[in-house]
Amino acid sequence: MSSTTTPTKRKRKRVTNPNPSPVPLQPEEPDLVSQLPDCILHTILSLLPIKDSGRTSVLSSRWRHLWEDAPLRLQVPIDQYIASSIFDSQSHQGPIEILSLSRSTAPALDRFVQSAVQRGIRELTILYSNQLAFTYELPRFLLSCNSLRQLSLVGCQFPKTVLLPSLFPNLTELNLDTVPVHNDTVQILLSKCGSLETLRMIASRGSPLISISSPRLRKLVFDWGCTYFNVKLVAELIIKDAPNLESLMLGECETRYCNVKVLDAPKLQLLGFLCVAFKVLQLGGTLLQQQPASVIQVNAMPCRMTMLSSVKTLAIKMEHSFDKTILDLLRCFPCLENLYILKYRVSRYKNYLGKDIWDEHGFLSFLDHVKTVTVKGFYGNRSDVELVRYLVVHGKVLRKTTLLCYKALCEKFVEAKRRQFCIEMRASSDLELVFLRDSESNVHFSTWNELISSEKAR
C-alpha cells in the first residue's frame, strides 16, 4: 500500500539589494511669487487683510520680514487694542497708507495719529465717541501733514486757534460728520487748504450762515439734518464764488428749512435734493421763492440764466402729490439729462395735476435732453400716472424710466399702468420702463446713494 505525498511549495527567499538606486524625485516647481521684487510683494501684502498679511511671515525665510516693511491699508475701523498691537509693539515699521481708528481714548488717538503721520498716512478716518468728552480735538501736528490726501472725522473738532500759514497742504477730500463747524472755520479751511476739491458736511453743528468761496472746490455735500437731536439748523447757505463746482448735494430737508443761494457756479452739473416746499432758492440770477398756494415766483436775469443750463442731473423731493410747483421748477432746468423724484406721501387733497393741466403747460424744453427718470414712492394714483405719461409721450431721447413702487407688484397692476402711460405713443423707441418693488422705507431716498456713486464715478 503506497501513500502519496503532496509536494510542498518552496518559499522564495527575498533578495535585497544592499545598494538600492535612489528613486528619481519629481522636480519642484519654482516659487515664482517669491522671486518677485520686494516692492511688488509689499504691494500684494498691503492689499491683504492685516491678519493674512502677518501670517505670510511663516512661509519661508524670504517672507519673514516682508510684512514688517509692507504698507498697511486698514480700511476697516480698528479699536485701541488692535492699534496698540501695531504701533506700540514695533512689530511693523513700514508706511501706513490707510488707517481707520475707533473706540480709543483721546491720549491713545494722539499717539496713533502721530505715528501714522510719521509713516506717511494718506487716508485717515477718526471715529470718536466718548460720553465724557463729546468731541476729540485734533492734534496740531496733524494739520501740517504733507502726505494726507483724505480725512474723515466723526465726533471731532478743530483746534480753536490755528496760526499755521497752510492747513493740510495736499488734502483733496475732507468729510465732516457731527463736527462743530462755524462759518469762520469753513473760511479758514477753504482758504488754507490749497488742494481741497471735495467737502462733505454731515449733521454738524454750526453758525446760522455758511458761506462757500473756493476756486478749486469741485464737490460739496451739505446735509445739516432736520431737527434731530435738537441740532440748530443753518438758516442760509451761500455759494458765493465756486468757478469749478460741479456737484452740489443737499440733504432732504435743507431747502425746506434753509435758504440756498448759489450765486456763481457756472460748471454746476449735479444738483439735489431740492424740496418742492423750499423757502428761497437762488441759482445765479434766478430767484425762486415760494408764494401762497404753492406758487413759485421766478425772477430771472437773462445774462445769468446760462448757469441753469449747465445742470444735467437733478433730484427733487416732494412730500405730497404732484402739483403745479414741479412744473415751475423743471422749467428752470432746460438741459436736464437725469431726473430723480422722491415722493413718500399720498395726498388727501385734490390738488394734483391732471392730464389737462400738463397739456396746458405745453412742451418743456428739458424733454429734448432727459435720458433717465427715477421715481421713488410711486403709488399709481392719478397724479403719478399723469407725470409718467407726460414724460413717456414727450421724452424724445428718454431711455429708461424706473418706478420704485410702494405697493406690491403684480402683473395686472403693471399692465394697467402701462396702458395708462400710453406706452404705444412713446416719443422714444428706445424707452425701457422698469417697475421695482421698493423694499426700503419711503422716508429715506435710496437714490441718494446712487447719486453719490454716480458722482464718484465721474
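Quick caveat: nothing in here was measured; it's all calculated off a predicted structure.

The full count for this structure, using the stated rule, is 4 aromatic pairs. Look at Phe413 and Phe435: their rings are 6.5 Å apart centre to centre, the planes differ by 80°, and that puts the pair in the edge-to-face class. Residue Phe413 is found in helix 12 (residues 411-420), and its partner Phe435 is found in strand 22 (residues 432-437); the two are separated by 22 residues along the sequence. When sorted by exposure, Phe413 lands in the same class as Phe435, which is buried. Seen in terms of ring centroids, Phe421 and Phe435 are 6.3 Å apart; in terms of plane orientation they differ by 5°. Their pairing is stacked. Residue Phe421 is found in the loop between helix 12 and strand 22, and its partner Phe435 is found in strand 22; the two are separated by 14 residues along the sequence.

Spacing of three or four residues puts side chains on the same side of an α-helix, whose turn is 3.6 residues. Residues Ala83, Ser84, Ile86 and Phe87 constitute the buried set of helix 4 (residues 80-87). Angular distribution of buried residues about the axis of helix 4 spans 165°; they occupy a single face of the element.

With that out of the way, let us pick up helix 5 (residues 106-118). Between its terminal C-alpha atoms helix 5 stretches 18 Å, which fits the 18 Å expected from 13 residues at 1.5 Å a residue. Restricting attention to buried positions, one finds in helix 5 the residues Ala108, Leu109, Phe112, Val113, Ser115 and Ala116. Considered in projection along helix 5, the buried side chains sweep an arc of 160° and stay on one side of the axis. When the buried face of helix 5 is taken as reference, the exposed residues oriented beyond 90 degrees from it are Pro107 and Gln118. Note on helix 5: the residue one or two positions beyond its end, Gly120, has a positive phi of about 80°.

Our next topic: the pattern of salt bridges. Between side chains of opposite charge, a pair can form when the charged atoms approach closely. For the structure shown, the criterion picks out 8 salt bridges. Notably, a salt bridge pairs Glu173 with Arg200, separated by 2.9 Å at the nearest N-O pair. Within this pair, whereas Glu173 is found in strand 7 (residues 173-177), its partner Arg200 is found in strand 8 (residues 198-202), the two being separated by 27 residues in sequence. In this pair, the class of Glu173 matches that of Arg200, namely buried. Asp368 is paired through a salt bridge with Lys396; the nearest N and O atoms lie 3.4 Å apart. With a gap of 28 residues between them, Asp368 in the loop between helix 10 (355-360) and strand 20 (372-378) and Lys396 in the loop between helix 11 (382-394) and strand 21 (400-405) connect regions that are remote in the sequence. Look at the salt bridges and you will find they share partners, linking Glu197, Arg218 and Glu246 into a network.

Counted by the stated rule, this structure contains 2 cavities of 30 Å³ or more. Roughly 30 Å³ of internal volume is contained in the second largest cavity. Contributing to the lining of the second largest cavity are Leu176, Val181, Val186, Leu189, Leu190, Leu199 and Met201. Where the lining of the second largest cavity is concerned, the elements lending two or more residues are helix 7 (183-192) and strand 8. Counting residues per element, the lining of the second largest cavity draws most heavily on helix 7, which supplies 3 residues. In terms of residue class, the lining of the second largest cavity is made up of 7 nonpolar, no polar and no charged.

Take the nonpolar core next. Of all hydrophobic cores here, the largest spans 104 residues; its most connected members are Leu99, Phe168, Met201 and Phe333. Sort the elements by how many residues they give to this core and helix 11 lands first, with 6 residues. If we ignore the near neighbours within four places in the chain, the residues touching Leu99 are Leu74, Ile78, Phe87, Ala116, Ile121, Glu123, Leu124 and Thr125.

Close contact between helix 4 and helix 5 brings their axes to 11 Å; oriented N to C, the two are set at 40°. Of the possible angle classes, the one that applies to helix 4 and helix 5 is oblique. Here the hand of the crossing between helix 4 and helix 5 comes out left-handed. Together, Gln80, Ala83, Ser84 and Phe87 of helix 4 and Ala108, Arg111, Phe112, Ser115 and Ala116 of helix 5 make up the contact between the two elements.

Conventions adopted
Residues numbered from 1 in each chain as written. Predicted model: local features only at pLDDT ≥ 70, side-chain atom pairs only at ≥ 80, totals over all residues. Heavy atoms only, no water. Phe/Tyr/Trp six-rings, centres within 6.5 Å; stacked < 30°, edge-to-face > 60°. Helix = DSSP H or I, 4+ residues; strand = E, 2+ residues; numbered from the N terminus. Buried < 20%, exposed > 50% of the residue type's maximum accessible area, 1.4 Å probe, protein only. Arc of directions from axis to C-beta. Expected span 1.5 Å × (residues − 1). Salt bridge = Lys/Arg side-chain N within 4 Å of Asp/Glu carboxyl O. 1 Å grid on protein atoms, 1.4 Å probe; cavity = no way out; pocket = protein on both sides within 12 Å on 5 of 7 lines; lining within 4 Å. Points joined across faces, edges and corners; volume = space filled by probe spheres on them. Nonpolar A, V, L, I, M, F, W, Y, C, P; charged D, E, K, R; others polar. Core = buried A, V, L, I, M, F, W, Y, C linked by side-chain atoms within 4.5 Å. Contact = heavy atoms within 4.5 Å. Axes fitted to C-alpha atoms, helices over the stretch in contact; angles between N-to-C directions. Parallel < 35°, antiparallel > 145°, perpendicular 65-115°, else oblique. Left-handed = near helix turned anticlockwise from the far one by under 90°.

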